[in-house]
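# What the coordinates show
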Amino acid sequence: FSATLKFEPNWSTFCTTPMFQVYLNAISLMKANTNAADPSSWTYWVNVHKNFCPHSVAYFLAWHRGFLFRFEAQLRKVAGNTALTIPYWDYYTAPQMPIEFTDTTSPLYIVNRAGTDVTNALSLNPFADTIVNFQHGMTNAFEPTLESQPHNPVHNLIGGAMGAVTISPKDPIFWVHHANIDRLWAAWYNAGNGRTMPDRTNSYWSGSFNYGAGVPTMARTWTISESALGYQYEDETMPT
């Protein structure tokens, strides 16, 4: 990976830059690709999530971090632009879905969403000083707390495809939602004050994650931190 970290921007920053149109064009091309076995198609990634994603069990956060990373690589390939990134939607400061996703002429739009306001999903519980452990199966654990809220209710309040695990990545809002979930994990760990994750040498990180036949597997150790994958977020502070 590059020694220089790339920055994943907030949606509110990203959509004002020339890269926004590059992002739209890449999504349009991926949606137009009808070969579901091709990682350059949108359907490929919907199916990977359906077939391999862990929910309510260990590796929920780490698997999705790798999922974002592998998807972003394909997005860049389709766009022909190595600088393209997946921005994050910081709904703790802007709980209304960004208006770009509600434009019916945009590739960011999808029919049958139930709502666009995720205020009722927001919780500070994952960021309490008592939440110091990381993984499922431990008390005061961050991963299951974050998955319970805000992750799950953001999906459910938006509804439509987002409300179904089997097809949720069909909705382009999925990617900026999960980028934010990934960012919140980074923010939690960076806050310190006793917050711990299993050490890199711990057997917890043995093995790899599967993202379908079209892309390489990913060693779990790669997903321990976002910086290990060569990026960090524009803002990595916990919500207050």
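A brief look at the structure comes next. (Residues numbered from 1 in each chain as written. Predicted model: local features only at pLDDT ≥ 70, side-chain atom pairs only at ≥ 80, totals over all residues. Heavy atoms only, no water.)

### Comments concerning the overall build of the protein chain
Within the protein chain, the secondary structure is distributed over six helices and four strands. Along the protein chain, helices and strands appear, N-terminal first, in the series β-α-α-α-α-α-α-β-β-β. For 240 residues, the compact-globule estimate of 2.2 N^0.38 gives 18 Å, and the protein chain sits close to it at 17 Å. Overall, the protein chain is about 45 × 35 × 35 Å in size when its C-alpha atoms are taken along their principal axes. Long-range contacts, defined as pairs at least 24 residues apart, comprise 68% of the intrachain contacts of the protein chain with a sequence gap of at least 6. Here the protein chain displays about 10,200 Å² of accessible surface, and carbon together with sulfur accounts for 53% of that area. Here the protein chain contributes 13 positive and 17 negative side-chain charges, whose respective centroids are spaced 9 Å apart. (Helix = DSSP H or I, 4+ residues; strand = E, 2+ residues; numbered from the N terminus. Rg over C-alpha atoms; globule rule 2.2 N^0.38 Å. Contact = heavy atoms within 4.5 Å. Areas by Shrake-Rupley, 256 points an atom, 1.4 Å probe, with all protein chains shown as cover. Lys, Arg positive; Asp, Glu negative; His and termini not counted. Charge placed at Lys NZ, Arg CZ, Asp CG, Glu CD.)

### Some details on the nonpolar core
Counting 65 residues, the largest nonpolar core has W11, Y23, L75, F142 and W175 as the members making the most contacts within it. Looking at this core, the elements that each hand over two or more residues are α1 (11-14), α2 (19-32), α3 (42-52), α4 (60-79), α5 (142-158), α6 (173-190) and β4 (231-233). With near-sequence residues (within four places) excluded, W175 lies in contact with Y23, W42, W45, F67, L68, F71, I86, P87 and P169. (Core = buried A, V, L, I, M, F, W, Y, C linked by side-chain atoms within 4.5 Å. Buried < 20%, exposed > 50% of the residue type's maximum accessible area, 1.4 Å probe, protein only.)

### Things to note about the packing of α3 against α4
Relative orientation of the contacting elements α3 and α4 amounts to 165°, with a least axis distance of 11 Å. Judged by the angle between their axes, α3 and α4 are roughly antiparallel. The interaxial crossing formed by α3 with α4 has right-handed handedness. On α4, the residues touching W42, W45, V48, H49 and F52 of α3 are W63, H64, F67, R70, F71 and Q74. (Axes fitted to C-alpha atoms, helices over the stretch in contact; angles between N-to-C directions. Parallel < 35°, antiparallel > 145°, perpendicular 65-115°, else oblique. Left-handed = near helix turned anticlockwise from the far one by under 90°.)

### Here we look at empty space enclosed by the protein
As enumerated under the stated definition, the model contains two cavities of 30 Å³ or more in all. Taken as a whole, the largest cavity spans an internal volume of roughly 70 Å³. If you trace the largest cavity, you find it lined by E8, L68, F69, E72, I86, A179, Y231 and Y233. Secondary structure elements with two or more residues in the lining of the largest cavity: α4 and β4. Broken down by element, the residue count for the lining of the largest cavity peaks at three residues, all from α4. (1 Å grid on protein atoms, 1.4 Å probe; cavity = no way out; pocket = protein on both sides within 12 Å on 5 of 7 lines; lining within 4 Å. Points joined across faces, edges and corners; volume = space filled by probe spheres on them.)

### Describing the pattern of salt bridges
As enumerated under the stated definition, the model contains seven salt bridges in all. In this structure, R65 and D182 form a salt bridge, with 2.5 Å as the shortest nitrogen-oxygen distance. With R65 in helix α4 and D182 in helix α6, the pair connects residues that are 117 residues apart, well separated along the chain. Classification of D182 by relative accessible area gives buried; the value is 3%. The network of salt bridges with shared partners includes K6, E8, E72 and R76. (Salt bridge = Lys/Arg side-chain N within 4 Å of Asp/Glu carboxyl O.)

### A short note on α6
In a regular helix each residue adds 1.5 Å, so 18 residues correspond to 26 Å; α6 covers 26 Å between its end C-alpha atoms and thus fits that length. Counting buried positions along α6 gives 16 out of 18 residues, so the element sits mostly inside the fold. After α6 finishes, the residue G192 shows a positive phi value of roughly 65°. (Expected span 1.5 Å × (residues − 1).)

### A few points about the environment of T145
Here T145 lies in helix α5. A residue is classified by how much of its surface remains accessible, and T145, at 21% relative accessible area, is partly exposed. As a C-alpha pair, T145 and I131 span 14 residues in sequence and 8.5 Å in three-dimensional space. Here T145 is in contact with N125, P126 and I131, once residues within four sequence places are set aside.

### Section: the side chain of H64
With respect to the helices, strands and loops of the structure, H64 is situated in helix α4. With a relative accessible area of 4%, H64 lands in the buried category. Ignoring any residue separated from it by four or fewer positions in sequence, one finds H64 in contact with H49, C53, P54, H55, Y59, F174 and H178.

What is shown is where atoms sit, not what they do.
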